[in-house]
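Inside the fold
Here is what each chain is made of, one letter per residue.
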Amino acid sequence: MPELPEVERGRQQAEDACVGKTIKKVFTSKDEIVYAGVTHTTFARTLKGRTVQAARRRGKQLWLELDGDGPQPLIHFGMTGSFRAYTDPDERPRFCKFELHLSDGSYFAFKNSRRLGRIKLRQDPLHEDPIANLGPDPYLEPPTAAEFRRMVKGKRAIMKSLLMNQSFLAGVGNWIADEILYQAKVSPHRRSDDLTDAEINRVRTRLLAIVDKAVDAGADYKKFPKAWLFHRRWDIRESRKDAVLDTKGQPIQFDKIGGRTTAWVPAVQS
């Protein structure tokens, strides 16, 4: 599932490809699952003729800011959503849900093969559902140490579940939460109201560092530090027959927490 770094990469793609250009034509494919609360024809009609002024993001939600008084297109990637920019109309991708034909002759498309993404229209995205219900975005508005301590201590929740709660922090998903807790040396099973100030500070420090590093890498996992748990946390299949080890040779344990597979290292995290 795309998390904050992947969606920020998509926002940057949209910014580079679309900002300052007018949408001359819009191709859409009929999909009553991906188009949520709007028909594909209404979506196309709403965007045609408008100029893209900015590409915005909050957590895993992304929208294009268009000129005029009409609503703005809001996109959630889901598991397999992504953007593609190109100049040859024959390059329209499979599973394309919309394609913008821009005023410079280029094209910009959103594809979504597994249909878990969502396309919506919102008049004021920041102040309407779903963005209005999100917590702070740790890349755009990182909480201070004091604010983060208050946030954590004000909850009574399992840490893994709390970090993934989008009303607590916007954009943190499964692998980022695991990486934060691994590097902060905090068990994913710990309760938030049980953490010391020092532990909460470590969680915040690692949260901001991991998100910044992943965004700077363009969400390219090959550029992530080799010591990250990320590179081994996907090896759960191997754990059924042989131990999966982190880069220091310590066993990784795979548990279900809040319905999500959690990778952690008991020798490191307490």
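Only a predicted model underlies this, so the values are computations on that prediction, with no experimental measurement involved. (Residues numbered from 1 in each chain as written. Predicted model: local features only at pLDDT ≥ 70, side-chain atom pairs only at ≥ 80, totals over all residues. Heavy atoms only, no water.)

Turning our attention to the sheet that holds strand 2 (residues 52-58). The strand order across the open sheet built from 4 strands is 2-3-4-8, with neighbouring strands paired in antiparallel fashion. The sheet is open, and its two borders are formed by strand 2 and strand 8 (118-122), each paired with just one other strand. Averaged over all pairs of adjacent strands, the angle between strand axes in this sheet comes to 20°, irrespective of strand direction. As paired elements, strand 3 (residues 61-66) and strand 4 (residues 72-76) share 3 bridges and run antiparallel to each other. Directly across from W63, in strand 4, lies its bridge partner L74. Packed onto the sheet, helix 1 (residues 4-18) meets strand 2 and strand 3 and runs at close to 175° relative to strand 2. Strands strand 3, strand 4 and strand 8 of the sheet are contacted by helix 2 (residues 40-47), whose axis makes an angle of about 50° with strand 8. (Pairing = 2+ DSSP bridges. Helix = DSSP H or I, 4+ residues; strand = E, 2+ residues; numbered from the N terminus. Axes fitted to C-alpha atoms, helices over the stretch in contact; angles between N-to-C directions. Contact = heavy atoms within 4.5 Å.)

Judged by pairing direction, the sheet is antiparallel, and its 4 strands sit side by side in the order 1-6-7-5 without closing on themselves. Where the open sheet ends on each side, the last strands, each with one partner, are strand 1 (23-28) and strand 5 (82-86). Strand-to-strand, the axes of this sheet are offset by a mean angle of 15°, without reference to chain direction. Contacts from helix 2 reach strand 1 and strand 6 (96-102), with the element oriented near 170° to strand 1.

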